[in-house]
Amino acid sequence: MRIGIVCYPTFGGSGVLATELGKALADKGHSVHFITYQQPVRLNVFNTNIYYHEVRVPTYPLFDYPPYEIALASTMVDVIKNHKLDLLHVHYAIPHASAAYMAKQIIQKEGGKIPFITTLHGTDITLVGKDKTYEPVVTFSINESDAITAVSQNLREETYKSFRITKEIEVIYNFVDVKRFSKKPIDAFKKVIAPHGEKVLVHASNFRKVKRVQDVIKVFAGVRKAMPAKLLMIGDGPERSPMEVLAKELGVQDDVRFVGKQEQIEEILLVSDLFLLTSEYESFGLAALEAMAARVPVISTNAGGLPEVNIFGETGFTANVGDVETMTQQAIELLSNNELLEKLKEGAYNQAVRYDINNIVPLYEKLYSRFCTMDCAEKSLMETKQQTTDVVIR
Ligand code: GMT
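About the criteria used
- Residues numbered from 1 in each chain as written.
- Predicted model: local features only at pLDDT ≥ 70, side-chain atom pairs only at ≥ 80, totals over all residues.
- Heavy atoms only, no water.
- Salt bridge = Lys/Arg side-chain N within 4 Å of Asp/Glu carboxyl O.
- Helix = DSSP H or I, 4+ residues; strand = E, 2+ residues; numbered from the N terminus.
- Patch = residues over 30% accessible without salt bridge, like charges linked within 9 Å, V, L, I, M, F, W, Y side chains within 5 Å.
- Areas by Shrake-Rupley, 256 points an atom, 1.4 Å probe, with all protein chains shown as cover.
- Buried < 20%, exposed > 50% of the residue type's maximum accessible area, 1.4 Å probe, protein only.
- Axes fitted to C-alpha atoms, helices over the stretch in contact; angles between N-to-C directions.
- Left-handed = near helix turned anticlockwise from the far one by under 90°.
- Contact = heavy atoms within 4.5 Å.
- Nonpolar A, V, L, I, M, F, W, Y, C, P; charged D, E, K, R; others polar.
- Core = buried A, V, L, I, M, F, W, Y, C linked by side-chain atoms within 4.5 Å.
- Domains from an automatic or database assignment.
- Phe/Tyr/Trp six-rings, centres within 6.5 Å; stacked < 30°, edge-to-face > 60°.
- Right-handed = clockwise from strand over helix to strand, strands pointing away.
- Pairing = 2+ DSSP bridges.
- UniProt positions renumbered as here; feature names shortened; annotations may be inferred.
- Polar contact = N/O pair within 3.5 Å; in protein donor to acceptor, adjacent residues only side chain to side chain.

A. Just the pattern of salt bridges, in detail. By the definition in use, this model includes 26 salt bridges. One salt bridge in this structure joins Glu 135 and Arg 164, with 3.7 Å as the shortest N-O distance. Pair noted here: Glu 135 is in helix H5 (residues 135-144) and Arg 164 is in the loop between helix H6 (153-162) and strand S7 (169-171), with a separation of 29 residues, a long-range link. Among the salt bridges present, the one from Asp 236 reaches Arg 240, with a minimum N-O distance of 3.7 Å.

This is the structure:
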């Protein structure tokens, strides 16, 4: 099939998931067209089936706010026509679903057809989308989608609770490419991070308020009192500076390292003992799943979809939002009991395998196939044959 993927190109979970999905679909022979304002960070491979179309937003002195949504919809129309797309898959409702709706209307007016699928990721529903400035358009464009998916049962329920949705929302969970995390840990790297064999705790996020990063630092300070340990803080965002101050106030600044945004997150996870995710809400918690793929157990809150991923006593532990004391106790217990640590590592890995890319991507393909007519299946097959011939000739 010829699939247009629209996403945020940043390190955020929705962009990461959309990019990994596009890469996996391209590996399976589909033509994948990324449409976004910047090359997605995880789009770091060359594949003849992957195309990248940058949305340019021309500025004009009159515009205080450049109209990205219009530029996006116009680029979508252009790509749909020039590359004969079969469908659009938009990740994150705002503004992607409404731009897709606009593109669909334009194509229809010209006698064409382009179904669009909207995948809801989390804050597009639970924070931003609910704001009454956006709500009517979000509700409308979700309802106008040809199919809607959510990344957890919890997000599906939250969407029904907060918006007047008249259609079925299907759950297709986040996924991880387990084999990417199945490398041998780099010993030298571990030695630099924890030179005296300290336990390594890790957190990764965009450091927004919703992540309650202060709880990560507080839990770590508690653990540090009980044993030698190091904390790696991956990512960047508005809460980073206050967290550096907090680490100082709690006297753990020498054991906390803020490593910024990291593309090769697996290298760090592979030398870690415990992943902390203390969010106030998480629709799924893709970062926790990536940790599990590297056999790292997780201590998280039980907010949103986290309990669907992090199973208490099997893959790690969960606690109420803000319950730093419980999370600290859980961390100390887990890190000082080798047998428990090994059991949870195994459980974490097995959970990641359940959500492996090879189990989840076919669910998206099955969903797409509902919108793929005989004609588009044939076109696809012919294209694959043509590409094979091209490769042989070259
Ligand atoms: O976590 C973030 O703030 C980024 C956000 C995004 O949309 O990029 O992540 C959301 O989507 C991820 C992929 O589906 C989920 O795994 C995250 O749990 C979700 N974040 C929140 O719900 C806060």
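B. Here's a closer look at a nonpolar patch on the surface. Together, Tyr 60, Leu 62 and Phe 63 make up an exposed nonpolar region whose accessible area comes to about 350 Å². Assignment of secondary structure puts Phe 63 in the loop between strand S3 (50-54) and helix H2 (68-83). Taking the relative accessible area as the measure of exposure, Phe 63 reaches 37% and is therefore partly exposed.

C. Representation of the packing of helix H11 (residues 286-293) against helix H14 (residues 338-354) within the structure. Orientation of H11 relative to H14, taken along the N-to-C sense of each, is 115°, at an axis distance of 7 Å. Of the two elements, H11 crosses H14, and the hand of that crossing is left-handed. On the side of H11, the interface is formed by Leu 289, Met 292 and Ala 293, while H14 contributes Ala 348, Tyr 349, Gln 351 and Ala 352. Grouping the constituent residues of the contact of H11 with H14 by class yields 6 nonpolar, 1 polar and no charged.

D. Region of interest: the side chain of Lys 23. Along the chain, Lys 23 falls in helix H1 (residues 13-27). Using a relative accessible area of 12% as the deciding quantity, one classes Lys 23 as buried. Contacts of Lys 23, omitting those with residues within four sequence positions, involve Phe 34, Arg 42, Leu 43, Asn 44, Val 45 and Ile 50.

E. The nonpolar core, seen in detail. Counting 75 residues, the largest nonpolar core has Leu 25, Phe 175, Leu 269, Phe 275, Leu 289, Tyr 364 and Tyr 368 as the members making the most contacts within it. Per element, the largest residue contribution to this core is 7 residues, and it comes from H1. Both of domain 1 (2-175 + 357-393) and domain 2 (179-354) provide at least three residues apiece to this core. Discounting chain neighbours no more than four positions away, the residues touching Phe 175 are Leu 17, Glu 20, Leu 21, Leu 286, Leu 289, Tyr 355, Asp 356, Ile 357, Ile 360, Val 361 and Tyr 364. By size, the runner-up hydrophobic cluster in this structure holds 33 residues, among which are Ile 217, Met 227, Met 327 and Leu 344.

F. Broad picture of the packing of aromatic side chains. For the coordinates displayed, the defined rule picks out 9 aromatic pairs. Relative to Tyr 92, the ring of Tyr 8 lies with its centre 5.4 Å away and its plane at 85°, an arrangement referred to as edge-to-face. One end of the pair, Tyr 8, is in the loop between strand S1 (2-6) and H1; the other, Tyr 92, is in the loop between strand S4 (87-91) and helix H3 (93-109), and 84 residues separate them in sequence. Exposure remark for Tyr 8: the relative accessible area of 22% places this residue in the partly exposed category. Aromatic pair Phe 207 and Phe 258: ring centres 6.4 Å apart, planes at 55°, arrangement tilted. Highlighted residues: Phe 207 in the loop between strand S8 (199-204) and helix H8 (213-226) and Phe 258 in strand S10 (residues 256-260), separated in sequence by 51 residues. Residues Phe 207 and Phe 258 agree in their burial class; the two are buried.

G. Structural view of the pairing of S8. Most of S8 sits inside the fold, with 5 of its 6 residues counted as buried. In this region the chain leaves S8, passes through H8 and returns to the parallel neighbour strand S9 (residues 229-234); the handedness of that crossover is right-handed. As paired elements, S8 and strand S11 (residues 274-277) share 2 bridges and run parallel to each other. What sits directly across from Val 202, in S11, is Phe 275.

H. Structural detail: the UniProt feature "domain: Glycosyl transferase family" (unreviewed entry) in the protein. UniProt tags residues 189-350 as "domain: Glycosyl transferase family" (unreviewed entry). The span residues 189-350 is 44% helix and 18% strand, and its two end C-alpha atoms sit 26 Å from each other.

I. Structural detail: the domain arrangement of the protein. The assigned domain composition of the protein is domain 1 (2-175 + 357-393) and domain 2 (179-354). For domain 1 and domain 2, the distance between their C-alpha centroids amounts to 31 Å. On the surface where domain 1 and domain 2 come into contact, there are 2 salt bridges. Here Arg 180 makes a salt bridge to Glu 20, at a shortest N to O gap of 4.0 Å. Inspection of the domain 1/domain 2 interface yields 9 residue pairs in polar contact (both at pLDDT 80 or more). Looking at the side of domain 1 that touches domain 2, the elements that each hand over two or more residues are H1 and H6.

J. Inspection of the sheet that holds S8 at higher detail. Ordered by their spatial adjacency, 6 strands build an open sheet running S10-S9-S8-S11-S12-S13, and the pairing between neighbours is parallel. Edge strands, defined here as strands with exactly one partner in the open sheet, are S10 and strand S13 (316-319). Geometrically, the sheet is characterised by an average inter-axis angle of 20° between neighbouring strands, direction not taken into account.

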